[in-house]
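Inside the fold
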Amino acid sequence: MSVSTVPVVLSAVEQGILTLTLNRPEVLNGLTDGVLDAIATGCRDAATDDAVRVVVVTGAGRGFCSGQDLRAGAQDGDADIRSHLRDHYVPMIQAMRELQKPVIASVNGVAAGAGMSLALAADFRIAAESASFIQAFVRIGLVPDAGSSYFLPRLIGAARALEMTMLGETLDSAEALRIGLVTKVVGDADLPSATREFAARLGRGPRSAGLIKQLINSSLDNDLAAQLAREEEAQFAAAQSSDFAEGIAAFMGKRPPQFTGS
Ligand code: T3D
């Protein structure tokens, strides 16, 4: 038996942007425990790494992510799929959402099943023209998981979410843009540069950007009173940041601010 030493997720930091590239192109980047755990670890490490201001998740080859690797065995009838989800999928989704730094899915090709969930868990999706989105679960007799049933109705409304998840049809990038599922669509060849440009803009943002991410996400589950209380706490934290001091100084000095993310 030969054991591959090629990393299943490539990790590189350049100019404040951590890029995590799913690297199993022969199966359109199907998810194994190794892939799921590597993304979770990458996001958790990014939380404490000052050199990282933004995280980008993308795929090698022609696919973004085809969801659970259906040859990896976790879905065989005897396996406890609940503990598989709990031990590998849930930590990845939570690590992406809890990270107080922006996460961008740079969707270079098909995003199917939990591969689409992965894209939905990101804060922004930039899609190549040839990218597509499939809630593939129903095609094999499963239900949406890895957060798809949570994110999708919030992003596109319950009726469209039901249509996508119950019919399992392919959504192309133009339609994804039209219904607000993606931030922008660019030509296939332009995806890396468009992603870098967008990530760099976010990376120049202040410390408060991470707090804004938490606020907007929590607003979907809170009532007004609870959300007002969260705003108070977040604003208190933002006001303590050196980026707030810089923002005020820049305004007074009539110059652009130079935020450091602290
Ligand atoms: O285990 C748990 O905890 C449960 C969690 C479940 C979460 C899930 O994600 S369930 C949903 C799993 N994903 C799918 O059902 C999608 C399966 N793939 C497809 O339907 C199609 O491949 C695509 C629509 C994504 C792309 O189609 P196409 O025609 O562009 O490519 P292809 O020829 O089907 O795939 C290329 C190769 O990748 C092919 O291998 P081969 O024949 O060249 O050796 C294909 O078998 C392989 N591949 C694609 N998706 C997967 C895969 N191999 C393993 N697992 C996959 N998910």
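Residues numbered from 1 in each chain as written. Predicted model: local features only at pLDDT ≥ 70, side-chain atom pairs only at ≥ 80, totals over all residues. Heavy atoms only, no water.

Per an unreviewed UniProt entry, the protein is named Enoyl-CoA hydratase/isomerase family protein, and its organism is Candidatus Amunia macphersoniae. Under the UniProt heading Sequence similarities (unreviewed entry), the note attached to the protein is "Belongs to the enoyl-CoA hydratase/isomerase family." (UniProt positions renumbered as here; feature names shortened; annotations may be inferred.)

1. Overview of the side chain of Q214
Here Q214 is to be found in helix α8 (residues 208-219). Apart from the residues within four sequence positions on either side, Q214 is in contact with R97, E98, L99, Q100 and R230. (Helix = DSSP H or I, 4+ residues; strand = E, 2+ residues; numbered from the N terminus. Contact = heavy atoms within 4.5 Å.)

2. As for helix α5 (residues 158-167)
A161, M164 and T165 are the residues of α5 that are buried. Buried residues along α5 cover an arc of 90 degrees about the axis, so they all sit on one side. Pointing more than 90 degrees away from the buried face of α5 are the exposed residues A159, M166 and L167. Packing partners of the buried residues in α5 comprise α3 (114-121), β8 (132-134), α4 (148-156) and β9 (170-172). Once α5 finishes, G168 follows within two positions and takes phi at roughly 65 degrees, a positive value. (Buried < 20%, exposed > 50% of the residue type's maximum accessible area, 1.4 Å probe, protein only. Arc of directions from axis to C-beta.)

3. Digging into the site of the ligand
Neighbouring the ligand are 25 residues; S66, Q68, L70, H84 and A114 lie closest to it. R62 has a polar side-chain atom sitting 2.9 Å from an oxygen atom of the ligand. Between S66 and the ligand, the recorded distance is 2.9 Å, taken from a backbone N or O atom to a nitrogen atom. For the ligand, whose unbound accessible area comes to 1100 Å², protein coverage reaches 70%. Mapped onto the shell around the ligand, the elements with two or more residues apiece are α2 (81-98) and β6 (110-112). Tallying contributions element by element places α2 first for the shell around the ligand, with four residues. (Near = heavy atom within 4 Å. Polar contact = N/O pair within 3.5 Å; in protein donor to acceptor, adjacent residues only side chain to side chain. Areas by Shrake-Rupley, 256 points an atom, 1.4 Å probe, with all protein chains shown as cover.)

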